[in-house]
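# An overview of the molecular structure
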Amino acid sequence: MKVCVFGAGNMGARIAEVFLTHDHEVTLVDIKDEFLAGGVKRIEGDLNFLVRKEKMTAERVADLLGNHLKTSTDRNVASDADFVIEVILENMELKKDLLRDLDKICPEHTIFASNTSALSITEMAASIPHRSDKFIGCHFFNPAQIMKLVEVTRAMQTSDESFKFAYDLMTSLDKIPVAVHEGPGFVVNRILIPMMNEAIGIYADGLASPSDIDIAMQNGAGMKSGPLHTADLVGHDVNLAIMETLYRETGDPKYRPHPLLRKMVRAGWLGQKTGKGFFTYDGPFGKEVPGGDLTVR
Ligand SMILES: NC(=O)c1ccc[n+]([C@@H]2O[C@H](COP(=O)([O-])OP(=O)(O)OC[C@H]3O[C@@H](n4cnc5c(N)ncnc54)[C@H](O)[C@@H]3O)[C@@H](O)[C@H]2O)c1
């Protein structure tokens, strides 16, 4: 199947990798060549890791990267796509603008998906009225090449055929799909992101260091990764956008983004992707530097 992934960032590159390693023809699209190069580098790094672990041969990696993965900065490459998934910034207007263009570019049969964390699938579907039945949320989790869950989220307009197509497609990618209806944050983020926001508040109140908050939740609540490490992995711009969506959509003050989360975004301390968040990393997407807990409130 021909798959176009829009957005070569944190999530898009890894979603492209999942399709690639399951024998689809993949085109990764972003607005700048440097972003595409960064995405391809991450895919290459993951596949070479599999070679070192003897889970993939070097020949297969060369074939996948050389013959089955393309990159482009031109939206028109989606003109023969069977499936497109948008993985661009968490901004409704940007997403709608892309979808309206793709609606004109793609063939009639193309199924459209969004990897949005919390925005309305129904509102996105409504922006492409004559194809809204073919629009669905496929919410992968971070890191997408490893995490099994995909929330397959129906817009009010999504047809049963499109839902079944997406659900079966996710199963064929060795993912565990769950069926979800439209709602801010869907299932996981409605629980997870406010919990991270609370962890940020606990730190800002001076109760414990970032490391100790995570150790507490790992060993007291059975979490594999603590809330602040997870928040750094997701990216604080994404966390803030999700909290704002939950707050705006529900009007419930329990979803108010913590002011420190806002400050982190303003400082550009977005977590792993910029090399600094509640922990310090040796560069963008780098390894954690021991003892690098945030000390500013
Ligand atoms: N970060 C996470 O843990 C996570 C998890 C699940 C879902 N998501 C969702 O996935 C989406 C992307 O998040 P991310 O963390 O990968 O963001 P990111 O900032 O790492 O990447 C976004 C990419 O989209 C590109 N882009 C922007 N406009 C574009 C356009 N018109 N066409 C093509 N590319 C464009 C940007 O240049 C950037 O490379 C968001 O909707 C986010 O909510 C994120």
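Every chain is numbered independently, its residues counted from 1 as its sequence is written. Reporting of local features is limited, given that this is a predicted model, to residues whose pLDDT is at least 70; pairs of side-chain atoms are given and counted only at 80 or more, and all residues count toward the totals for whole chains, interfaces and linings. Water and hydrogen atoms play no part in the side-chain values, which are based on all heavy atoms of the structure.

Going by what an unreviewed UniProt entry lists, the protein chain is known as 3-hydroxybutyryl-CoA dehydrogenase and is assigned to Butyricicoccus pullicaecorum 1.2. UniProt positions are given in the numbering used here, feature names are shortened, and annotations may be inferred rather than shown by experiment. UniProt's Pathway (unreviewed entry) comment on the protein chain is quoted here verbatim: "Lipid metabolism; butanoate metabolism." In its Sequence similarities (unreviewed entry) section, UniProt records this for the protein chain: "Belongs to the 3-hydroxyacyl-CoA dehydrogenase family."

### Observations regarding the environment of E198
Only DSSP runs of H or I covering at least 4 residues are called helices, and only runs of E covering at least 2 are called strands; the numbering of each starts at the N terminus. Within the secondary structure, E198 is located in helix α7 (residues 188-204). Accessible area is worked out with a 1.4 Å probe on protein chains only. A residue is then buried under 20% of its type maximum, exposed over 50%, and partly exposed in between. E198 sits in the exposed class, given a relative accessible area of 53%. Sequence-wise, E198 and M243 are 45 residues apart; in three dimensions their C-alpha atoms are separated by 11 Å.

### Here's the deal with helix α10 (residues 236-250)
One full turn of an α-helix is made of 3.6 residues, so residues set three or four places apart face in the same direction. To estimate the expected span of a helix, subtract one from its residue number and multiply by 1.5 Å. Under the 1.5 Å per step criterion, the end-to-end length of α10 is 21 Å for 15 residues, consistent within 8% with the ideal 21 Å. Turning to α10, its buried residues are H236, V238, N239, L240, A241, I242, M243, T245 and L246. By definition, residues are in contact when any of their heavy atoms lie within 4.5 Å. Residues of α10 that are buried make contact with α7, α9 (227-234) and α11 (259-267).

### Details of the packing of aromatic side chains
Here is the rule: rings of Phe, Tyr and Trp (six-membered ring for Trp) pair when centre to centre is within 6.5 Å. Planes less than 30 degrees apart are stacked, more than 60 are edge-to-face, and the remainder are tilted. What the rule picks out here adds up to four aromatic pairs. Measuring from centroid to centroid gives 6.2 Å for F83 and F165, while their planes differ by 40°, and the two rings are tilted. You can see F83 sitting in strand β4 (residues 83-86) and its partner F165 sitting in helix α6 (residues 160-172), a full 82 residues away along the chain. Residue classification places F83 among the buried positions, given a relative accessible area of 0%. Note on F163 and Y167: the rings are 5.6 Å apart at their centroids and 40° apart in plane angle, and the pair reads as tilted. Highlighted residues: F163 and Y167, both in helix α6, separated by four residues, approximately one helical turn. Here F163 falls in the buried class, since its relative accessible area comes to 15%. Taking the relative accessible area as the measure of exposure, Y167 reaches 29% and is therefore partly exposed. One aromatic cluster is present, built from ring pairs that chain together F19, F83 and F165. Our definition puts a charge over a ring when NZ of Lys or CZ of Arg is within 6 Å of the ring centre and also within 35 degrees of the ring normal. We note K276 situated over the ring of W269; from NZ or CZ to the ring centre the distance is 4.5 Å.

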